[in-house]
Amino acid sequence: MYKCALVLAAGQGTRMKSKLPKVLHKVCGKSMVNHVIDTLRKVNIDDVNVIIGTGAELVRESTEDKKVSYSLQEETLGTGHAVICAKEFLKGKKGIVAIANGDAPLIEPETLENVINSHINEKNYGTIITSIIEDSTGYGRIVRNNEGNVESIVEHKDCNEEQLEIKEINAGMYIFDIEELLQALDKLSNNNSQKEYYLTDVIEIMAKKGLKVGSVVAPFEETLGVNSRVQLAEVESIMRKKINERHLVNGVTIIDPSNTYIGRDVKIENDVIIYPGCILEGNTIISEDCVILQNSRIVDSFIGKGTEVQSSVILQSKVGENTHVGPFAYIRPESIIGDDVKIGDFVEIKKSTIGNGTKVSHLTYVGDAEVGKNVNFGCGTVTVNYDGNKKHLTKIGDNAFVGCNTNLVAPVEVEEGAYIAAGSTITTTVPSDALAVARAKQVNIKNWVSRRGLYHKK
Ligand code: UD1
Ligand code: CA
């Protein structure tokens, strides 16, 4: 059966009190709308259409690499109106459409899969996800008839006193038969307390027409919608807990899960140990036996087996096996660090490759460099990679030795096995087997201090 999806992402989210459209607020490092799109993809829905309006360009940019199409809702006149704006996308299609609010990122693919299966197996025309909660304030209430079938969804603001007591709420995620949905959309009106076109009214329209409407109850922890920053923090903590528990079960040690922040797409192999205050984001992979010590942030990076990272930042880079990073190292995008490497304290690496066994132990900047194997960097080495206009390359061959406080003025090459004396400013090639000394010779001016009357030896 053909399956497509709509993601409602046009609303402003007034209660967020933010310049940013609501669906772009992040949960565990990823925007809410992208969480929803990724979940839809996981249940093999290929055709995803995102309805944009408020901050349309921003939402489009942030979802760009998700290969979705867009419908524009110029005025946000309600969730029903949003779907009406996607009519062009739905027209002529036969099958089912999943509709999801862009502000409910906790739904699990398994739950969505269940709802789709139940919709198909029970031959429904509409299937909704509901939850039973103690405080249903703000949510649409599920009204059922005497047989227990869903009759309608009544928005909080339109509820009578009896309906306000209903604890079963609408999660904001639906499956519809496309053709019947299109017909029902034509009958929507904004005759309600908010003068909005409610998508939820489609349920009553279908039920009245005698079309079968079903429901699946999901845990509230999956259906929470974000309308305020209080709810954003709540959703964040639920997702964080779930993610961390998954890793704990898989054999990862997390010393303090309430203080460890791991994105949903991060992969961690077993026997990794993660200390408090770490943030692992994006498509990061941490291989077996790594130790990620306190306060490290790793984004979209690969960390090889047995590597230790301490209080450091690693962005869009690859780090090899049994390597030590930190404390206080900064590895910037497009760096490739080899095996058995040491990147020590206060070292910055930018867009560089560092060969196996190389040591960059302290206070060093390596930018736009190709560094070979077993190179030793003395303390305070600087690649002078920028001439104020362009960036230039530094090449350092295997087994080279760079003395303390050396400037390597790029473009420049240090050949294999060459040595550089401490304090040198290197501007031309250092050939293999040579020692480069590029500093002024020391001159001692005798009795200079006492002649000046600055200090007399007793
Ligand atoms: C909606 C449901 C409510 C349900 C709740 C679950 C309706 C009428 N009500 O209410 O029954 O319990 O979600 O969280 O659907 N949006 C648009 N265009 C608009 C308005 C909204 O794209 O014109 C988008 C928003 O960006 C958001 C989603 O639709 O992602 C939900 O909108 P929101 O205003 O938060 O709906 P709720 O009042 O929470
Ligand atoms: Ca909402």
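Residues numbered from 1 in each chain as written. Chains lettered and ligands numbered in written order. Predicted model: local features only at pLDDT ≥ 70, side-chain atom pairs only at ≥ 80, totals over all residues. Heavy atoms only, no water.

- Going by the annotation in an unreviewed UniProt entry, the name recorded for the protein chain is Bifunctional protein GlmU, with Clostridium bornimense given as the source organism.
- Listed under Subcellular location (unreviewed entry) in UniProt, the entry text for the protein chain is "Cytoplasm".
- For the record of the protein chain, the UniProt heading Subunit (unreviewed entry) holds the text "Homotrimer." (UniProt positions renumbered as here; feature names shortened; annotations may be inferred.)

## Let's talk about the domain arrangement of the protein chain
So, step 1. Per the domain assignment, the segments making up the protein chain are domain 1 (3-223) and domain 2 (246-436).
So, step 2. Of note, the centres of domain 1 and domain 2, computed from C-alpha atoms alone, are 46 Å apart.
So, step 3. Interface area, domain 1 with domain 2, both sides summed: about 450 Å², of which 32% is carbon and sulfur.
So, step 4. Counting the surface domain 1 buries against domain 2, the share from its top three residues, C28, K30 and H35, is 57%.
So, step 5. Note that K30 is salt-bridged to D265, the shortest N-O span being 2.9 Å.
So, step 6. At the boundary of domain 1 and domain 2, one finds three residue pairs in polar contact (both at pLDDT 80 or more).
So, step 7. Tallying contributions element by element places helix α1 (residues 32-42) first for the side of domain 1 that touches domain 2, with three residues.
So, step 8. A breakdown of the residues in the side of domain 1 that touches domain 2 according to their chemical character gives four nonpolar, two polar and three charged. (Domains from an automatic or database assignment. Buried area = accessible area lost by both parts, 1.4 Å probe. Salt bridge = Lys/Arg side-chain N within 4 Å of Asp/Glu carboxyl O. Polar contact = N/O pair within 3.5 Å; in protein donor to acceptor, adjacent residues only side chain to side chain. Helix = DSSP H or I, 4+ residues; strand = E, 2+ residues; numbered from the N terminus. Nonpolar A, V, L, I, M, F, W, Y, C, P; charged D, E, K, R; others polar.)

## Let's talk about the site of ligand 1
So, step 1. As a structural note, the neighbourhood of ligand 1 is formed by 23 residues, with Q73, G78, T79, E155 and N170 the closest of them.
So, step 2. Take A10: an N or O atom from its main chain is 2.8 Å from an oxygen atom of ligand 1.
So, step 3. In the complex, 91% of the free accessible area of ligand 1, which totals 760 Å², lies under the protein chains.
So, step 4. For the shell around ligand 1, the secondary-structure elements that each account for two or more residues are β1 (3-9), α3 (79-84) and β10 (168-177).
So, step 5. Considering only residue class, the shell around ligand 1 consists of nine nonpolar, eleven polar and three charged. (Near = heavy atom within 4 Å. Areas by Shrake-Rupley, 256 points an atom, 1.4 Å probe, with all protein chains shown as cover.)

## As for unusual backbone geometry
So, step 1. In this chain, G326 is followed by P327 through a cis amide linkage whose omega measures 5 degrees.
So, step 2. Residue position: P327 is located in the loop between β24 (324-325) and β25 (330-331).
So, step 3. A cis amide bond links A410 with the next residue in sequence, P411, at an omega value of 0 degrees.
So, step 4. By the secondary structure assignment, P411 is in the loop between β35 (407-409) and β36 (412-414).
So, step 5. Backbone geometry places K123, a non-glycine residue, at a positive phi of 55 degrees.
So, step 6. On the secondary structure map, K123 appears in the loop between α5 (109-121) and β7 (126-132).
So, step 7. Given a relative accessible area of 66%, K123 falls into the exposed group.
So, step 8. Here the phi dihedral of N399 falls at roughly 60 degrees; this positive angle occurs in a residue that is not glycine. (Buried < 20%, exposed > 50% of the residue type's maximum accessible area, 1.4 Å probe, protein only.)

## Topic: the coordination of the calcium ion (ligand 2)
Octahedral metal centres with six donors ideally show angles of 90 or 180 degrees, and tetrahedral centres with four donors ideally show 109.5 degrees.
So, step 1. Around the calcium ion (ligand 2), the protein contributes the donor atoms D103 (OD) and N227 (OD1), at 2.5 Å from the metal centre. Of this pair, D103 sits in the loop between β6 (96-101) and α5 while N227 sits in the loop between α9 (220-223) and α10 (229-249); the two residues are 124 residues apart in sequence, bridging distant segments of the chain. (Donors = N, O, S within 2.8 Å, 3.2 Å for Na, K, Ca; no water.)

## A word on the environment of H324
So, step 1. Relative to the helices and strands, H324 is located in strand β24.
So, step 2. C-alpha separation for the pair H324 and E308, spaced 16 residues apart in sequence, amounts to 5.0 Å.
So, step 3. Those residues in contact with H324 that sit more than four places away from it in its chain are E308, V341, K342 and I343. (Contact = heavy atoms within 4.5 Å.)

## Focus on the sheet that holds strand β28 (residues 353-354)
So, step 1. Taken in spatial order, the nine strands line up as β14-β17-β20-β23-β26-β28-β30-β33-β36 in an open sheet, and their pairing is parallel. Here the strands that pair on one side only, and so sit at the sheet edges, are β14 (267-268) and β36. (Pairing = 2+ DSSP bridges.)

## Quick look at the UniProt feature "domain: Nucleotidyl transferase" (unreviewed entry) in the protein chain
So, step 1. The feature "domain: Nucleotidyl transferase" (unreviewed entry), as annotated in UniProt, sits at residues 5-216 in this numbering.
So, step 2. Secondary structure over residues 5-216 splits into 29% helix and 26% strand, and the C-alpha atoms at its two ends are 18 Å apart.

## Description of the side chain of T260
So, step 1. Its place among the elements puts T260 in the loop between β12 (253-254) and β13 (261-262).
So, step 2. Assessed through its relative accessible area of 0%, T260 is described here as buried.
So, step 3. Reaching out from T260, the side chain makes a polar contact with the backbone oxygen of D256 at a distance of 2.9 Å.
So, step 4. Setting aside its immediate chain neighbours within four residues, T260 contacts R240, N244, I254, I274, Y275, P276 and C278.

## Overview of the UniProt feature "binding site: acetyl-CoA" (unreviewed entry) in the protein chain
So, step 1. UniProt's feature table lists "binding site: acetyl-CoA" (unreviewed entry) at N385, Y386, A422 and R439, given in the numbering used throughout.
So, step 2. Note on Y386: relative accessible area 46%, which makes it partly exposed.
So, step 3. Among the polar contacts listed, one links the side chain of Y386 to the backbone oxygen of G388, at a separation of 3.2 Å.
So, step 4. By secondary structure assignment, the location of A422 is in the loop between β37 (419-420) and β38 (425-426).
So, step 5. Among residues more than four places away in sequence, those in contact with A422 are G403, C404 and R439.

## What to know about helix α2 (residues 56-63)
So, step 1. Residues of α2 that are buried: A56, V59 and T63. Take α2 and look down its axis: the buried residues cluster within an arc of 70 degrees, on one side only. (Arc of directions from axis to C-beta.)

## Remarks on the packing of aromatic side chains
So, step 1. This structure, assessed with the given rule, holds four aromatic pairs.
So, step 2. Here the aromatic rings of Y174 and F176 are separated by 5.8 Å at their centres, their planes lie at 15 degrees, and the arrangement is stacked.
So, step 3. Here F176 falls in the buried class, since its relative accessible area comes to 0%.
So, step 4. Ring centres of F328 and F346 lie 5.4 Å apart, and the angle between their planes is 20 degrees; on these two criteria the pair is classed as stacked. Taken as a pair, F328 in the loop between β24 and β25 and F346 in strand β27 (residues 342-350) lie far apart in primary sequence, 18 residues in all.
So, step 5. Its relative accessible area of 46% is what places F328 among the partly exposed residues. (Phe/Tyr/Trp six-rings, centres within 6.5 Å; stacked < 30°, edge-to-face > 60°.)

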